[in-house]
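Examining the three-dimensional arrangement
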Amino acid sequence: MNVIEQTRPEASPIPGVAHSTFASHHDGLTQLSVWRQTLSPGAATPPHRHECDEVVLCLGGWGEVHSAGQVQRFGPDSTVVLPAQRDHQLFNVGPMPLEIIGIFAATPVATCLPDGTTLELPWTT
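Residues numbered from 1 in each chain as written. Predicted model: local features only at pLDDT ≥ 70, side-chain atom pairs only at ≥ 80, totals over all residues. Heavy atoms only, no water.

What follows is about the pairing of strand S10 (residues 98-104). Burial of S10 is extensive: six of the seven residues sit out of reach of the surface. Relative to S10, strand S5 (residues 54-60) is paired through six bridges, and the arrangement is antiparallel. Opposite Gly60, over in S10, you have Glu99 as the bridge partner. (Buried < 20%, exposed > 50% of the residue type's maximum accessible area, 1.4 Å probe, protein only. Helix = DSSP H or I, 4+ residues; strand = E, 2+ residues; numbered from the N terminus. Pairing = 2+ DSSP bridges.)

Laid out in structure tokens, this is it:
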């Protein structure tokens, strides 16, 4: 068991996306990763997919998830469920930062672009 101080998301090379890894294989986990991200108004993640299931908890702000040809809006207290291998992209569609927690059923988290090319993330996964 470890108690880890949670750090606030910090700016990343992905425009408008701030990130903090709360827990990963670096903390002794073998099957789980937890991230916190803040997307600035108008910002989006790159379109991507993971080899594992992902659950996104919305803490604040308003977003859209684009996946499997569908667009769904979400807001505070919403949960976005993304099965493994499903291409998706998250957008901040509101006037304030979109605050989310990502929970992944793997560590490290393998991430690919829709064409299958590995997406090298600029943070610890």
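Reading across the sheet, the six strands line up as S1-S2-S3-S10-S5-S8 and stay open at both edges, with antiparallel pairing between neighbours. In this open sheet, the two strands that pair with only one neighbour each are strand S1 (10-11) and strand S8 (79-82). In the sheet, strand S2 (residues 17-23) pairs with strand S3 (residues 33-39) via six bridges, with the strands oriented antiparallel. Within S3, the position partnered with Val17 by the bridge is Leu39.

What the rule picks out here adds up to one cavity of 30 Å³ or more. Each pocket or cavity is described by its volume, and for the largest cavity that value is around 170 Å³. Looking at the lining of the largest cavity, the elements with two or more residues in it are S3 and S10. With four residues, S10 is the largest single contributor of residues to the lining of the largest cavity. For the lining of the largest cavity, the class distribution of residues is eleven nonpolar, six polar and one charged. (1 Å grid on protein atoms, 1.4 Å probe; cavity = no way out; pocket = protein on both sides within 12 Å on 5 of 7 lines; lining within 4 Å. Points joined across faces, edges and corners; volume = space filled by probe spheres on them. Nonpolar A, V, L, I, M, F, W, Y, C, P; charged D, E, K, R; others polar.)

Here the focus is the nonpolar core. Counting residues in each nonpolar core, the largest one holds 21 residues, and the members touching the most others are Phe74 and Ile100. Of all the elements in the fold, those that place two or more residues in this core are S3, S5, S8 and S10. Among the elements that take part in this core, S10 stands out by supplying three residues, more than any other. With near-sequence residues (within four places) excluded, Phe74 lies in contact with Cys58, Gly61, Trp62, Gly63, Glu64, Val65, Val80, Leu90, Leu98 and Ile100. (Core = buried A, V, L, I, M, F, W, Y, C linked by side-chain atoms within 4.5 Å. Contact = heavy atoms within 4.5 Å.)

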